[in-house]
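Residue-level structural notes
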Amino acid sequence: MSFRDRLLAFTVVVLWGCNFLAIRLGLDHFPPFFFAGLRFAIIAVPVLLFVPRPAVPLRWLLLYGAGFGFAQFAFLFWAMEAGLPTGLASLVLQSSAPFTVLLAALFLRERLDGVRLAGLVVAVSGMVIVAVGQGAADASLLPMTLAVLAGLSWAVGNIATRKAGAADPMRLMLWMCVVPVLPFFGISWFAEGPHVWSTLGTAVTTVDGGLALAGLTYVVLAGTIAGTGIYASLLSRYPAGTVAPLSLMVPVVGFTVAWITLGERPAPSSLIGGVIVIVGALAAQGGHRSVTSRTLLRRHNAPAPVEHSPTWEPAQESPHVDGSHCAQPEPPRGRPRRPDAVRAR
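Residues numbered from 1 in each chain as written. Predicted model: local features only at pLDDT ≥ 70, side-chain atom pairs only at ≥ 80, totals over all residues. Heavy atoms only, no water.

Where we set the bar: UniProt positions are given in the numbering used here, feature names are shortened, and annotations may be inferred rather than shown by experiment.
Within an unreviewed UniProt entry, the label attached to the protein chain reads EamA family transporter, and the organism entered is Rhodococcus pyridinivorans. What UniProt records for the protein chain under Subcellular location (unreviewed entry) is the sentence "Membrane".

Right under this line is the structure:
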């Protein structure tokens, strides 16, 4: 991965690490499924009006939207609404990284070299240390399970992104936001009731509503359009096993932001685990270059194909009785055909 792309990846880490605080502000006012529906509807409406659909198979677009867009945030918002702390949510969701590596090895045949695999193991070990330091063992089983399912859904979306192979990853990401809108609003209508739409009115008249709108704005612009757009672009150019481990550094930012703003103080072991996560995630970027880079280099160095002039015709061969081959006497090999004969054909 180039230095520029590493900077882009770290930008995603910061944007997504702060995203969990924005989600918490939104969930303090809006019900979880309704909030998720708003998040994608704000993007989907202008996309349907002004952005052409990406030239990818529909099945991969739908799987991307169902996994990354719908299932991931349905489980994540439900887990945070059920009481999962903000910092711990940012950590457990990164189970998507090992899930992505495993699914990529199974379905994309991406090879895991020793350096990348060792880095992933180190990063996951750091996550376990952080989880223990933050009291994950004492957390309720339901929110933890929901967060792990969110990580698995994210991994499925990563595989769909790679399979889609979009020439314009940003357009693919924008159209992904169209898929979850109706499912989220449908579930919200039945599970949360039609009265949830009244929260839009109170959002502009109350303090927590104003903070929720600010959180919604950040989730849409920074977390989704900028963060997910850059992430999809990296996935389109590098193997999933290379890009996904970078998300393991998101909890470091998430815990720091939650500590500063919400008073969720990390334990000393969490700080040590955070350093281990960063080291492991950086090591997971080692190994072989991406298949895309090698393919582009091979295509660039390949000789251009030889094209024949339309006024020249190669000699035709016909079998003899004895099975040997020889060139037909007419027209002679290499002689240009007369223009009138070309027109007659």
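There is more to say, and it comes next.
1. Considering empty space enclosed by the protein
Here the idea is plain: a probe the size of a water molecule rolls over the atoms and shows the empty space left. The line we're drawing: Points on a 1 Å grid over protein atoms alone make up a cavity when a 1.4 Å probe fits among them but cannot get out, and a pocket when they form an open set with protein on both sides within 12 Å along at least five of seven lines; lining residues each have an atom within 4 Å of a point. Grid points are joined across faces, edges and corners, and a volume is the space filled by probe spheres set on the points. Helix numbering and strand numbering both begin at the N terminus, where a helix is a DSSP run of H or I of at least 4 residues and a strand a DSSP run of E of at least 2. Three categories are distinguished: nonpolar for Ala, Val, Leu, Ile, Met, Phe, Trp, Tyr, Cys and Pro, charged for Asp, Glu, Lys and Arg, and polar for the others, with Gly belonging to the last.
In the structure shown here, the tally under the stated rule is two cavities of 30 Å³ or more. Lining the largest cavity are 14 residues, and of these W16, N19, Q72, F73 and L93 sit closest to its centre. Sorting the residues of the lining of the largest cavity by element identifies α1 (3-27), α3 (58-81) and α11 (207-237) as the ones contributing at least two each. Tallied by class, residues from the lining of the largest cavity come to nine nonpolar, four polar and one charged.

2. Things to note about the packing of α3 against helix α7 (residues 141-164)
Packed helices, taken two at a time, are described by the angle between their axes plus the distance between the axes. Selection criterion: Only C-alpha atoms enter the line fits that serve as axes; for helices the fit covers just the stretch in contact. Angles between N-to-C directions range over 0 to 180 degrees. Angle categories: roughly parallel below 35 degrees, roughly antiparallel above 145, roughly perpendicular from 65 to 115, and oblique for all the rest. Definitions for this section: a left-handed crossing has its near helix turned counterclockwise from the far helix by less than a right angle. A right-handed crossing has that turn clockwise.
One way to put it is that α3 packs onto α7 with a least axis distance of 7 Å and a crossing angle of 165°. When the axes of α3 and α7 are compared, the pair comes out roughly antiparallel. Of the two possible hands of crossing, α3 and α7 adopt the one that is left-handed. Here the residues of the contact of α3 with α7 sort into 18 nonpolar, five polar and one charged.

3. A look at the pattern of salt bridges
We count it as follows: A carboxyl oxygen of Asp or Glu within 4 Å of a side-chain nitrogen of Lys or Arg is what we treat as a salt bridge. Think of it in three bands: residues with accessible area under 20% of the maximum for their type are buried, residues over 50% are exposed, and the middle band is partly exposed, with areas taken using a 1.4 Å probe on protein chains only.
According to the stated counting rule, one finds three salt bridges in the structure shown. Across the pair R4 and D5 runs a salt bridge, and its minimum N-O distance is 3.4 Å. For R4, a relative accessible area of 56% corresponds to the exposed category. Between R237 and D5 there is a salt bridge; the shortest N-O distance is 2.9 Å. In this pair, R237 sits in helix α11 while D5 sits in helix α1, placing the two residues 232 residues apart along the sequence. Under the relative-accessibility criterion, R237 is labelled partly exposed at 27%. D5 gets classed as buried once you look at its relative accessible area, which sits at 3%. Here the residues in one salt-bridge network are R4, D5 and R237, joined through shared partners.

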